[in-house]
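What follows is the residue order along each chain.
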Amino acid sequence: MAHIVLDKASVELAVYNSRGRALKSEILRRTVGGGLQNDRDSSIQVVKALNEVSFVAHNGDRIGLVGGNGAGKTTLLRVLSRVYPPTSGLVSIDGRISSLIDLSMGMDGDATGYDNIEMRSIMLGLNHKQAQAIVPDVEEFSQLGEFLSLPIRTYSSGMMLRLAFAVSTAVHPDILILDEVIGVGDAAFAERAEQRLHGMIQKASIMFLASHDNASIKRFCNRTLWMKGGTLMMDGAPDEVLAAYAADERV
Ligand SMILES: Nc1ncnc2c1ncn2[C@@H]1O[C@H](COP(=O)(O)OP(=O)(O)OP(=O)(O)O)[C@@H](O)[C@H]1O
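In this text the structure is predicted, and so the values were computed from the model without any measurement.

(A) Structural view of the site of the ligand. Lining the immediate environment of the ligand, one finds 15 residues, of which Asn69, Gly70, Lys73, Thr74 and Thr75 sit closest. One of the backbone N or O atoms of Gly70 is found 2.8 Å from an oxygen atom in the ligand. In this structure, an oxygen atom belonging to the ligand sits 2.5 Å away from a side-chain N or O atom of Thr74. Look at the ligand: alone it shows 630 Å² of surface, and the protein chains cover 64% of it. Among the secondary structure elements, those contributing two or more residues to the shell around the ligand are β1 (3–16), β2 (44–57) and α4 (73–80). Counted by class, the shell around the ligand contains seven nonpolar, seven polar and one charged residues.

(B) A look at the side chain of Arg223. Mapped onto the elements of the fold, Arg223 is located in strand β8 (residues 223–228). A polar side-chain atom of Arg223 sits 2.9 Å from the main-chain carbonyl oxygen of Val56. If near-sequence neighbours (up to four positions away) are discounted, Arg223 is found in contact with Phe55, Val56, Ala57, Asp61, Arg62, Ile63, Gly64, Asp235, Gly236 and Pro238.

(C) How the structure looks around the packing of helix α5 (residues 113–123) against helix α8 (residues 157–168). Taken N-terminus to C-terminus, the directions of α5 and α8 make an angle of 40 degrees; their axes are 10 Å apart at the nearest point. The angle between α5 and α8 places the two elements in the oblique class. Handedness of the α5/α8 crossing: right-handed. Residues Gly113, Asn116, Ile117, Arg120 and Ser121 of α5 pack against Leu163, Val167 and Ser168 of α8. For the contact of α5 with α8, the per-class residue count stands at three nonpolar, four polar and one charged.

(D) Quick look at helix α9 (residues 187–203). The terminal C-alpha atoms of α9, which comprises 17 residues, lie 25 Å apart, in line with the 24 Å expected from a rise of 1.5 Å per residue. Taken together, the buried positions of α9 are occupied by Phe189, Ala193, Arg196, Leu197, His198, Met200 and Ile201.

(E) Focus on the sheet that holds strand β7 (residues 206–210). Read from one edge of the open sheet, six strands run β5-β6-β7-β3-β8-β9, paired in mixed fashion. A strand with exactly one partner marks an edge of an open sheet, and here the two such strands are β5 (97–99) and β9 (231–236). The sheet shows a mean angle of 15 degrees between the axes of neighbouring strands, taken without regard to direction. In this sheet, β9 lies alongside β8 in antiparallel orientation, the contact comprising five bridges. The residue bridging Trp226 from the neighbouring strand is Met234, located in β9.

(F) Just the pattern of salt bridges, in detail. Under the criterion given, the structure shown has six salt bridges. Where Arg223 meets Asp61, a salt bridge forms, and the shortest distance between an N and an O atom there is 2.8 Å. Here Asp61 lies in the loop between β2 and β3 (62–66) and Arg223 lies in strand β8, a separation of 162 residues in the sequence. Arg223 gets classed as buried once you look at its relative accessible area, which sits at 12%. For Asp61, a relative accessible area of 13% corresponds to the buried category. Look at the salt bridges and you will find they share partners, linking Asp61, Arg223 and Asp235 into a network.

Procedures and definitions
- Residues numbered from 1 in each chain as written.
- Predicted model: local features only at pLDDT ≥ 70, side-chain atom pairs only at ≥ 80, totals over all residues.
- Heavy atoms only, no water.
- Near = heavy atom within 4 Å.
- Polar contact = N/O pair within 3.5 Å; in protein donor to acceptor, adjacent residues only side chain to side chain.
- Areas by Shrake-Rupley, 256 points an atom, 1.4 Å probe, with all protein chains shown as cover.
- Helix = DSSP H or I, 4+ residues; strand = E, 2+ residues; numbered from the N terminus.
- Nonpolar A, V, L, I, M, F, W, Y, C, P; charged D, E, K, R; others polar.
- Contact = heavy atoms within 4.5 Å.
- Axes fitted to C-alpha atoms, helices over the stretch in contact; angles between N-to-C directions.
- Parallel < 35°, antiparallel > 145°, perpendicular 65-115°, else oblique.
- Left-handed = near helix turned anticlockwise from the far one by under 90°.
- Expected span 1.5 Å × (residues − 1).
- Buried < 20%, exposed > 50% of the residue type's maximum accessible area, 1.4 Å probe, protein only.
- Pairing = 2+ DSSP bridges.
- Salt bridge = Lys/Arg side-chain N within 4 Å of Asp/Glu carboxyl O.

Encoded structure:
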């Protein structure tokens, strides 16, 4: 059973404005010593990437996230993945989460494929025994053979993705978090990856999918959230929400 509650959850991220980072400002600062330190500090700006977002998600919800670039979709997925804590408001999540955003987080280039299976599994919330138990599945699915005994810095980017994807999809989460329906590797592997992902989507109690592709939203989701400027604009059936979002885009 999975359950998620967000109550006025906000995330503020610090950024430097271009004036503060300009070469001219940097040279000035060095020339006048620390005199411009305050000016430099005041160049720190805060982006409200998520602005008092509230919703409840229950078992069976397949939630699409739509919105333009910078709308806050990835930030919301990171909050749901417990990567970002909210800076204000409440986030309560019951259930095991598997997030396919930031796929290779927790992987180390100098460690072997086998060691990385263990490290990534532990990041995904498995214990040592559970991590060992998924090894045969990852071996079979990734088809990396002898390469699993080598440091992963020797892998091509496609091989890295195969490994990261195989591990991340070997666990069966209550809550599945996806950023676009990812295509992984060559055509044959991409087809197997898609099948595996569909199986995972069906088994998960709650699924979130951020996508710019309306067809994916309509195919996989039974509920859609439209984000704009960090604010949740609408929460409802995919067709209605996509229509409202499209109408807003035309204005
Ligand atoms: N690490 C960061 N540091 C500072 N600001 C950030 C960071 N990540 C995102 N932002 C800002 O937060 C806001 C929301 O970004 P977010 O990545 O969540 O949008 P998005 O809806 O996923 O966009 P896209 O569809 O382009 O991926 C944007 O204004 C962005 O510039």
